[in-house]
Structure formats: structure tokens, C-alpha cells
Amino acid sequence: MKTALRGALLAATVLAACGPAVAEDVTLTIESWRNDDLSIWQETIIPAFEAKHPGIKLVFAPVAPTQYNAALNAKLEGGTAGDLITCRPFDGSLDLYAKGYLAKLNDLPALENFSEVARSAWTTDDGSATFCVPMAAVIHGFIYNKDAFAEVGVEVPTTQAEFMDVLAKLKDEGSYVPMAMGTLDQWEAATMAYQNIGPMYWKGEEGRKALIAGTAKMTDPEWVKPLEVIAGWKPYLGDGFEAQAYADSQNLFTLGRAAIFPAGSWEISGFKRDADFELGAFPPPLPAAGDKCYISDHNDIAIGLNAASPNADAARTFLEWMGTKEFAELYSNSLPGFFSLSSHEITLDDPLANEFVSWRKSCDSTIRSAAQILSRGTPNLWSQMWGVAANVVNGTQSPADAAAEMQAGLAAWYEPQKN
Amino acid sequence: MAFSRARRNLIAELGAHAILLTFTVIALFPVLLVLINSLKTKKAIFRAPLAPPDAETFDLIGYATVLAQGNFPLYFWNSLFVTLGSLFLVLLLGAMAAFALSEYRFPFNRFVALYMALGIMVPIRLGTVGILNLMVATGLVNTHWALILVYTAQGLPLSIFILSEFMAVVSKDLKAAGRIDGLSEYAIFFRLVLPLVRPAMATVAVFTMIPIWNDLWFPLILAPAEETKTLTLGAQVFVGQFVSNWNAILAAMALAIVPVLILYLIFSRQLIRGITAGAVK
Amino acid sequence: MGGKPQKKPFPWHIPVFLAPAVLIYTLVMILPLAETLRLSFFQRDPVSQASFYVGFANYARLFFDPFWVGPFFNALGNNLYFFVIHMLVQNPIGILIAALLSMTHLPGKKFYRTAIFLPTLLSFVVVGFVWKLMLSPLWGVSKDMMSSVGLGHLFMPFLGKEETALTTLSLISVWQFVGIPMMLIYAALLSIPDEVIEAAECDGVTGLSQFFKIKLPLILPTVGIISILTFVGNFNAFDLIYTTQGPLAGPNFSTDLLGTILYRTFYGQQTQPGDPNMGAAIATVMFFIILAGVAVYLFVIQRKLTRYEM
């Protein structure tokens, strides 16, 4: 209410004073965890926006990803956060909206350029309010070293059996670590392994929604099977993978010492810069030939408006611009692997990014299974998934036990899953 | 007899050198690894982390990135100003309070001492939101003073705790003599006691300085603006979500060791000199 | 009644000495912390976001809800282990180095002292990075080094195994902080008056027995201070674990300390939103644990230590 009033007053003053008073530039600060994108914003996106909108200056102010949530929360509570807030998907931002830190954006025309699925990650459960403008989704799959495949004489696998066969051949041949993945950081095992291949088994959205509805359990075969599959990867990981951090996995692969990298599409730009061999990509292998294909196509990042921003009008101008084809193209092509969520037809220059996005034609998309609703209680399902997936790959917990642990955690607080 | 004693001393000395050298190598090797790798290409860091840079792998890209991105000389100055400012306040105010607590008997003395010690037991970070509200209310956000105040509050409990221990052993006769000479309590503190506890002050300085210099959290929350950014916060820009720029991080960190090492050398000299001077007296 | 004693003038110097420290400390530290700890008696409604008073419900959850009590005591146990390693390794090594350094006429003292202190000056980001690099099975630094002395078969992914991760991290922390006990003890040894040592030598007490019989008792108060500093530092530690093992303190929570469980709860991680109310409850319990430790020191140990005037 107060902010609405302040916004109205601001608008009134801006309208009233068309003279030299408006010459004063408005500076908008964007809070973000994407340190990685600093130069892209500074060199490409911000100049493009400022050229179109003189009078509005943008500052992209990222912090290290591990500190983002804590720092942002403190700044929002203290009233010192920037005007625009980069939104994590689903419950991470829903929480901010519920606390009144993010403004409702339903009246923003730009949102029309996004499908309902795209908006779902930043919309309340009842669909009544949308609070962030979607930016990009990321797709899981496998990136591989084409030279290594040619050298060892293996073909891109399409089924789980073929996949294991390729791993075995790579291991026998011995010049490459078959797969670059570690469990030290834990999230690799949950994200790059379990959520990467899992949708094939729990049938994407169908399985995810059944879990939310309480008609399926984590201990059902379709949820345990993918854990068994990733447990089978253990012999093909690098020596001492238990102490291998995510950055180690990346380096292992880009230095040409590993053949396959279980990936998210976000790796594309970094890998292209660092690897001096040819890169290819293939979707998660089908459980059996002829099965229907499902991929994890996860809404990942969006930008919302700080409800307390004194520059709400200028910020809305920017959010409006985020819905244009111009922004979608600039963003997707500067950051191959982050696929714009807008409905505009976009041409991607990068062949590897095109490979990833082409899977959308033959496969059904789904989001990460623990992202929506299921991670709202204690214990947190997504955090639990990190731990148990790592344990399963390490071989210190059986897939059945891991599934039982997650189910018990869910049953402890989530009504539809109780007994 | 004399000969065997000299020989025993020699053996003891060699043994001491051997042990100290071992610990020195253990302490320095990882630090050296940071320095070596800050001078190499990213690939060379991971291909052969142990190898010193050679013609092929030598690369100043890390340092170049650090100097090109952001305003590192300014960040350096900010870190130094904040660290020294906090240090000054922690030492002065801490010594004053410690003196009052260890010198005078007054009601609630023990209570105040305990109250001041509470701060050692809870990490101040938990009060972040309250602190931020305070700084917003006083308009100190994005100023050096916000940081200096927080670090002073954070450093005081330990400083008072350690300094009271040392002040308790300052000779009573000396102070009594001063009082007989008609010195005021302030003069006794500043002219007689402070010089004597110089070694303890140097110790506290070292303790206080390190966490302040390396702190990431409060600069991030209280003073993230470009003009007040500290070095540690500035270097964070190279820590990415998926890809970190290790060349730049290592270069920034290698540079960040220098000022704090110089400060340490100054304080440790104070420490040793203060003690030896005290012993000679 | 007559004979009122002459009223002494109010000792203004006492408040003057105390006030600045007490004021800054109260305003900037105590009040914000009290505000935070107050949160432990509240809960937030997940739908309306309204905060309401719940008494000791959060504490009850912490001690009786199986999803809290297990992790909490796991962290407490790990923290005790972390502390014990520091007391058994860091402090004796610190004393040893300091004792060697205080040997008269040892050339190169200053170099040793500075070198051994150097790791303490590093930030956790660098410490985490360099030790992960050294211990990484991939880049082979420590593997090669262990092989070169014939211990190659003992090499393991130390940070990735539940059995070894916590010990490894404790030792890394010892490596980083051994300079502090070294420096404090060295200073204490130097301040032992020469007359005391000379008297001992006249009585024929030299070398090791001199150290144990004469010097060690004299530096015991310093050892006491170091122990309490180690205790407080260890029970507040979390940065090292966060930078090397991540917020979930893996593998399988084997490196979870009270500090890591506190920050994970208070600020959340990834899609796990922070829960300041439970976080504050944990912080309060931690506070009492540390307070108990400090009280033991102040009222039991410190009283037994004899102080010597300088």
C-alpha cells in the first residue's frame, strides 16, 4: 500500500515535471548470484537496454552464489536490497513473495510472452499471482568428448544397456576416465545424476505430480530404479571420486582426461572455452529401446521487482523489456545453454545448445522432482536428496534405504504422504 | 665436561632446527602452492599443480584480471582503513575497559566482566539483521564506519578478556608509587600501565586483525557499494556459480597476504621488543 | 546516627574507562543478538507469514523431534572430536615450537616464527582451495608425495570418506591456526624473568627437566587462555567446512559442526529456505554449551592456576 502510494507519487512527479527535472537518471541495481555473467551483462545486455531507454542506468551486482540467499534475505529485511531481484525457481522465491518482498507483476504486459509452464515456477500455488519475469531454463543430458569416442570406437548410446556398454568399453580401453563426476559437493549426484536420468523412470510430470498428490511414494520402483542406475556408475568414475569436487569434475573433463560428463546445459559456454577437443551431447539413455523419452527441462532463473523499490516504474520498464524478443535473443546467445523461456521464436547460434534444445521435440519436459511443494518442510527433500544420492553413488547406502529415508522425511510433514 | 656440554648443545640446536624446519615446510608448502599457481595458466594449474611456472605455463592473466576488473587499489585501501580503524578502537577501548575491570573494586565488577565476555560465545553474525537495521537507521550503510563499529564490537570481548588477564599481573607497587606521586588515574593508565602491557596489546592486535581482514560477510551486507568494497569482497566476484576464475582468485589472495603479513611483522616485533624491554627493566 | 563516614568523591574515571566499550558493544552486538535469540520463542505461519509466540516449542523440537535431535547430537559429537584434536595436536605442537624458539641463540628464529604463523593469515577461501587441490586424488599432489616416501598405499580420498573427512579437516584447521598458540606461548616464555632461569640453572635444573619443572608451570595461565580460546573458536567454527565440504557438511554429515548446522538452518541453502526461529533456538543452545565450557574454565581451572606478577 505504502509502496503503491509512493510509486504513484513518483509517477506523478515524473509526469508533472517534463522539464529539466527528469534529466536526473534513475539507477537500478540488479541483485544476482550469477557472478559468471557479469561481463555479459556489462558488455552486452546493459548497453542494449540503456541505448533504448536513456535515463535509466543499470547496475548488475552479483554476489557469490553460496552467499546469495543469506545476503539477499538480510538486505531485504534491512531495506537495502536492489530494485530488481534475481529469482530462484519455485519455493525459493515463493517464500520471498509471501513475505511481501517481491511485488506482484500480474499487470505486466510482458508476461503474456511467456507460457503458463514458464511462469509456473514464479506463480503462487493457486495461480493468482506471478512475481518474477522468467528468464531461462536449463536442460540435463550428457556431454561427451567426440575425439575420445572415436578413438575408443564407441557410438553414442541411446538405451541404458548401450550406455553401460559404452562405459565398460571406455574403462577396458583405459585411456580415459569413463565418466567425470564426483560426490564431494553432493549436488552433482542429486542433480547431474538422479534428476538427469530419473524422469525417464518416473515418467516426468506424471510421476512428479503423483508424488505431490500422494498417489506415489519415493519407495515405489519408478523412484528407486534410477537410484539403482546411478549406483551402477560407481566403477566408471575417476579414482577417488568421493573427494572430487564439482570444479574437479569440470577440469577432469575439459583437460581431456574423461570421456563423458553428466551435464546441465549451462556447461556449454565454459566447456567450449576450455576444451580443445570436439564436444557432443546426447540425452539421458532410455530405460529400454522404444520407451517414451522424458528430459529434465528445469525453469531456473527469473527476475522480479523488489516491493520496496523506490524506482518501481523504471524497474517495470526493464522487466517489460525482458519480455521482448531482443532480450531473449541477446541472453540466449550470450549464454548458450540457458534457454529463454519466452514464446518468441529464437535462433540459437551454438550447435551444442541446439542439440540440447532439439530434445524438446522428441521428449516430454519435466522439472526437478523436489523443486515444487515437496521441499517446503523439514526435513527438506531437496537437501536430503543431495545427501542420499551421494551416499548411493559412494556405495555407502543402498538405493532402497536411500528411498526409504527420503520417503520417511516426506511423510514426517507432508500431509498427502503421511502413512 | 665442557666439551661434552657444548656438543650436547650443538646436537640440541641441530635437533631444534630439524623440527622447526619440518614445521616450516609444512606451513609454507601450501602457501607456496598458492603463489606458484597464481602465476600459471588455468589449465596448467590442474594439469600439474606442483610444477613451478615455466615458459609455457607462465601467465599473469590472474593478476591482469584482478587489476582490470573493479578497483582493486581502492579495495586495498578500504580493507586497510577498516582494519586499522577497528584495531585502534578495539585496542584503546578494550584496554581502558580491561584496566577498569582489573584495577578497581566497584559494585557489579564481576557482572560487567562476565557481560563483556558473553560476546566471545555467540558469533556476531547472528545479529546481522539487527545490525543492518541499526546501520540503516543511523545512515551508516555503505560507509567504512558501519564496518568499523561492527568489528570493534566483535573484537572488544576477546580483547578485554585477554588484556584483563595481563593487567592483573602488572606490578601493584608501580601503580601505588604513581598514586603517591600524585598521578591521576588516567595518567597511571596511559603512562604506566599501557606501555607495560604492550606485548599483550600486540597479541590482541594480531588476533583481532585476521578475522577482520578476511571477513566476507559484513562487507557484503553492510558496505557492498563499489566505494566501500573490501579486498576480500572484491575477490568474490571471481567465484562463479558453475565456473570460478581460479587464476584471479589466487592472484587476489596472493596480493591480499602482503599487507596483513606486514602488519603481523610490525605487531610481532612490538610483542617481542615489549617483552624483552620488560625483562631488562 | 552521627559519625557518617566522609563520602568519597564519585570515581568518575571508572565509567569513563568503561563506557565507550560497553556502549558500542551493547548497541552493536548485544542488542542485535538478543533480538535474534528472541526469535527462538516464535514461529512463522507458512501461509500468512505471521509470527506468533510458541514458548519453548522450538527447543522441544530440537531435543525431541527425531529429524532435529539426531543431526544436532551428531554435530555436537563431531564438534567435541574437532576440539579434542585441536587440544591434542594443535596446542602441544604450539608449545613445542614455542619452546624450541625460545632456546637462546637459535639463529633464524624470526623466519621460523613468521613462516609458521603465515597460514593463520590466509582466508578460508584460499585454505579450502589449496587443501582440496593438495588432497585431490585427481591432481595427485599428496598421492605422489606419499608414494615417494613409500606410503602410497595409504592414500585415500580423505575428504570424501566418512571415516577420514572430519579428522582431515581438523588437521587442516590445526595447520591453519597452530601459529596462535605458538605465538602466545612464545611470548609467555620470553616474559619469564631471567633470574628464575638462572636460579634453576644454579640448582642444576636444565634442559627438559627445566622446561617441565620451571617453565611449564609458569606458562600454565597462558595455556589456560589458549585452551579456552580454542574451545570457543572450535565451537563457533564453520567457514572451513562450508568452503571445503559445502553447506551439507558431507559426506553424509560426517563433518557437520554446530556452526554448520546453525548456518544451514538459519539462512537455508539452495531451495531450503532459512528458518531463523529454529536457527535462533540452535544458537541459544550453542551459547549455553559454550557458556558452560567457559564457566568451567573461569571457576574451576583458572582458580587453580597461580599467577605470578611480572
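Computed from a predicted model, the values in this text were never measured in an experiment.

Engineer: Honestly, the overall build of chain C in this entry has me stumped. Any pointers?
Structural biologist: Within chain C, the regular secondary structure consists of 13 helices and 4 strands. Relative to a compact globule of 310 residues, whose C-alpha radius of gyration would be 19 Å, chain C shows 25 Å and is clearly more extended. Summarising its shape, the C-alpha atoms of chain C cover approximately 90 × 80 × 30 Å along the three principal directions. Taken across its 310 residues, chain C has 47% of its residues classed as buried. Look at the contacts in chain C between residues 6 or more apart in sequence, and 67% of them connect residues 24 or more apart.

Engineer: I keep staring at the packing of helix H10 (residues 221-231) of chain A against helix H16 (residues 381-394) of chain A and nothing clicks. Help me out?
Structural biologist: The packing of two helices is summarised by the inter-axis angle and the distance between the axes. All names here are of chain A. Two elements in contact, H10 and H16, have axes separated by 8 Å at closest approach and are oriented at 45°. Between H10 and H16, the angle falls in the class oblique. Of the two possible hands of crossing, H10 and H16 adopt the one that is right-handed. Taking contact as the criterion, the partners of Leu227, Ile230 and Ala231 in H10 are, on H16, Ala389, Val392 and Val393. In terms of residue class, the contact of H10 with H16 is made up of 6 nonpolar, no polar and no charged.

Engineer: Help me understand the interface of chain A and chain C, please; the structure alone is not making it clear to me.
Structural biologist: Accessible area lost upon the coming together of the parts serves often as the stated size of an interface. Each side of the interface is counted separately: chain A has 37 residues, and chain C has 26 residues. Contributions of two or more residues to the side of chain A that touches chain C are made by helix H3 (65-78), helix H4 (91-98), helix H11 (246-254) and H16 of chain A. Element by element, the count of residues in the side of chain A that touches chain C is highest for H16 of chain A, at 7 residues. Class assignment for the residues of the side of chain A that touches chain C results in 13 nonpolar, 16 polar and 8 charged.

Engineer: Looking at this model, I keep getting lost on the domain arrangement of chain B. Mind explaining?
Structural biologist: Residue and element names in this part refer to chain B. The domains assigned to chain B are domain 1 (2-47) and domain 2 (70-280). Secondary structure elements with two or more residues in the side of domain 1 that touches domain 2: helix H1 (2-38) and helix H2 (42-47). Ranked by residues supplied to the side of domain 1 that touches domain 2, first place goes to H1 with 4 residues. Classifying every residue of the side of domain 1 that touches domain 2 gives 3 nonpolar, 2 polar and 1 charged.

Engineer: Teacher, can you tell me more about the interface of chain C and chain B here?
Structural biologist: If you look at the interface, chain C gives 61 residues, while chain B gives 73 residues. Among the elements of the structure, helix H1 (13-38), helix H3 (66-101), helix H4 (109-117), helix H5 (124-135), helix H8 (179-190), helix H10 (207-236) and helix H13 (276-304) of chain C are those that each provide at least two residues to the side of chain C that touches chain B. No other element matches H1 of chain C, which puts 16 residues into the side of chain C that touches chain B. Within the side of chain C that touches chain B, the residues separate by chemical class into 49 nonpolar, 7 polar and 5 charged.

Engineer: Could you clarify how one ought to interpret the packing of H3 of chain A against helix H6 (residues 128-137) of chain B in this entry?
Structural biologist: Running from amino to carboxyl end, H3 of chain A crosses H6 of chain B at an angle of 45°, the nearest separation of the two axes being 9 Å. Overall, the two elements H3 of chain A and H6 of chain B adopt an arrangement that is oblique. Considering how the two elements wind past one another, H3 of chain A and H6 of chain B form a crossing that is right-handed. On the side of H3 of chain A, the interface is formed by Ala74, Glu77 and Gly78 of chain A, while H6 of chain B contributes Thr128, Val129, Leu132, Asn133 and Val136 of chain B. Counted by class, the contact of H3 of chain A with H6 of chain B contains 4 nonpolar, 3 polar and 1 charged residues.

Engineer: I would appreciate a short explanation of the environment of Glu50 of chain A in the present structure.
Structural biologist: Among the secondary structure elements, Glu50 of chain A is positioned in helix H2 (residues 38-52). It is 30 Å that separates the C-alpha atoms of Glu50 of chain A and Gly92 of chain A, two residues lying 42 residues apart in sequence.

Engineer: Can you walk me through the nonpolar core in this structure?
Structural biologist: Within soluble globular proteins, side chains that are nonpolar generally end up buried alongside one another. Core analysis: the biggest nonpolar cluster contains 316 residues, and Ile303 and Ala389 of chain A together with Ala97 and Val150 of chain B have the highest contact counts within it. In this structure, Val150 of chain B is in contact with Ile124, Ile131, Phe218 and Leu222 of chain B together with Val28 of chain C, ignoring residues within four places of it in sequence.

Engineer: Can you walk me through H6 of chain B in this structure?
Structural biologist: Quick reminder: α-helices carry 3.6 residues per turn. Residues three or four places apart thus point the same way. By the criterion of burial, H6 of chain B is predominantly enclosed, with 7 of the 10 residues buried. Listing the buried residues of H6 of chain B in full gives Thr128, Val129, Gly130, Ile131, Leu132, Leu134 and Met135 of chain B. On the buried face of H6 of chain B, the contacting elements are H3 of chain A, helix H7 (144-167) and helix H11 (217-222) of chain B together with H1 of chain C. The positive-phi residue at the C-terminal boundary of H6 of chain B is Gly139 of chain B, with phi of around 70°.

Engineer: I tried to follow helix H17 (residues 399-413) of chain A on my own but got confused; where do I start?
Structural biologist: Residues and elements named next belong to chain A. Here H17 contains 15 residues, and its C-alpha end-to-end distance of 22 Å stays within 8% of the 21 Å for a straight helix at 1.5 Å per residue. Taken as a whole, H17 has its buried residues at Pro399, Ala402, Ala403, Met406, Gly409 and Leu410. Projected onto a plane normal to the axis of H17, the buried residues spread over an arc of 125° and lie on a single side. The inward-facing, buried residues of H17 abut H10 and H16.

Engineer: So what exactly am I meant to see when it comes to the pairing of strand S2 (residues 56-62) of chain A here?
Structural biologist: Looking down a regular strand, the side chains alternate between one sheet face and the other. Residue and element names in this part refer to chain A. Bridge count between strand S1 (residues 26-32) and S2: 7 bridges; the pairing is parallel. The partner of Thr29 across the bridge, within S2, is Val59. Crossover connection from S1 via H2 to parallel S2: handedness right-handed.

Engineer: Hey, could you run me through the environment of Asn69 of chain A in this one?
Structural biologist: Mapped onto the fold, Asn69 of chain A is located in helix H3. A count of 23 C-beta atoms within 10 Å places Asn69 of chain A in the buried class. Taking the C-alpha atoms as reference points, Asn69 of chain A and Pro287 of chain A, 218 residues apart in sequence, are found 37 Å from one another. With near-sequence residues (within four places) excluded, Asn69 of chain A lies in contact with Tyr267, Gly268 and Gly274 of chain C.

Engineer: Is there a simple way to think about unusual backbone geometry in this case?
Structural biologist: Negative phi characterises most residues that are not glycine, and trans characterises most peptide bonds. Residue Pro379 of chain A follows Thr378 of chain A across a cis peptide bond; omega there is 0°. That bond from Gly250 of chain C to Pro251 of chain C is cis: its omega, -10°, falls within 30 degrees of zero. Structurally, Pro251 of chain C can be placed in the loop between helix H11 (239-245) and helix H12 (258-267). Here Phe90 of chain A, not a glycine, exhibits a phi torsion of approximately 55°, which is positive. Looking at the secondary structure, you find Phe90 of chain A in the loop between strand S3 (84-87) and H4. Phe90 of chain A gets classed as buried once you count the C-beta atoms within 10 Å, which come to 25.

Thresholds, definitions, all that
- Here the residue index of a chain counts from 1 through its sequence in written order.
- Numbering of ligands from 1 and lettering of chains from A proceed in the order in which they are written.
- A pLDDT threshold of at least 70 governs which residues receive local features in this predicted model, and a stricter bar of 80 or more applies before side-chain atom pairs are shown or counted, although totals over entire chains, interfaces and linings include all residues.
- Under the scheme used here, helices are H or I runs from DSSP no shorter than 4 residues and strands are E runs no shorter than 2 residues, and both carry numbers assigned from the N terminus.
- Only C-alpha atoms enter the radius of gyration, while the globule expectation follows 2.2 Å times N to the 0.38, with N the number of residues.
- Every C-beta atom is placed from the backbone, and the number of other C-beta atoms within 10 Å of a residue's own sets its class: buried at 20 or more, exposed at 12 or fewer, partly exposed in between.
- Our contact criterion uses C-beta atoms placed from the backbone: two residues qualify when those atoms are within 7 Å.
- Whenever a helix is involved, its axis is fitted only over the stretch in contact; in every case the axis is a line through C-alpha atoms, and angles between N-to-C directions fall within 0 to 180 degrees.
- Convention used here: angles under 35 degrees read as roughly parallel, angles over 145 as roughly antiparallel, angles from 65 to 115 as roughly perpendicular, and any remaining angle as oblique.
- We call a crossing left-handed when the near helix sits turned anticlockwise from the far one by less than a right angle, and right-handed when that turn is clockwise.
- Classes in brief: Ala, Val, Leu, Ile, Met, Phe, Trp, Tyr, Cys and Pro nonpolar; Asp, Glu, Lys and Arg charged; the others, Gly included, polar.
- Each domain's extent is set by a domain assignment, obtained either automatically or from a database.
- A set of buried Ala, Val, Leu, Ile, Met, Phe, Trp, Tyr and Cys residues, joined to one another through C-beta atoms within 7 Å, is what we call a nonpolar core.
- One less than the number of residues in a helix, times 1.5 Å, gives the span that helix is expected to have.
- In this context, the arc is that of the directions from the helix axis out to the C-beta atoms.
- Paired strands, as defined in this entry, are two strands with at least two bridges between them according to DSSP.
- Handedness of a crossover is defined as follows: with both strands directed away from the viewer, a clockwise route from the first strand across the helix to the second makes it right-handed.

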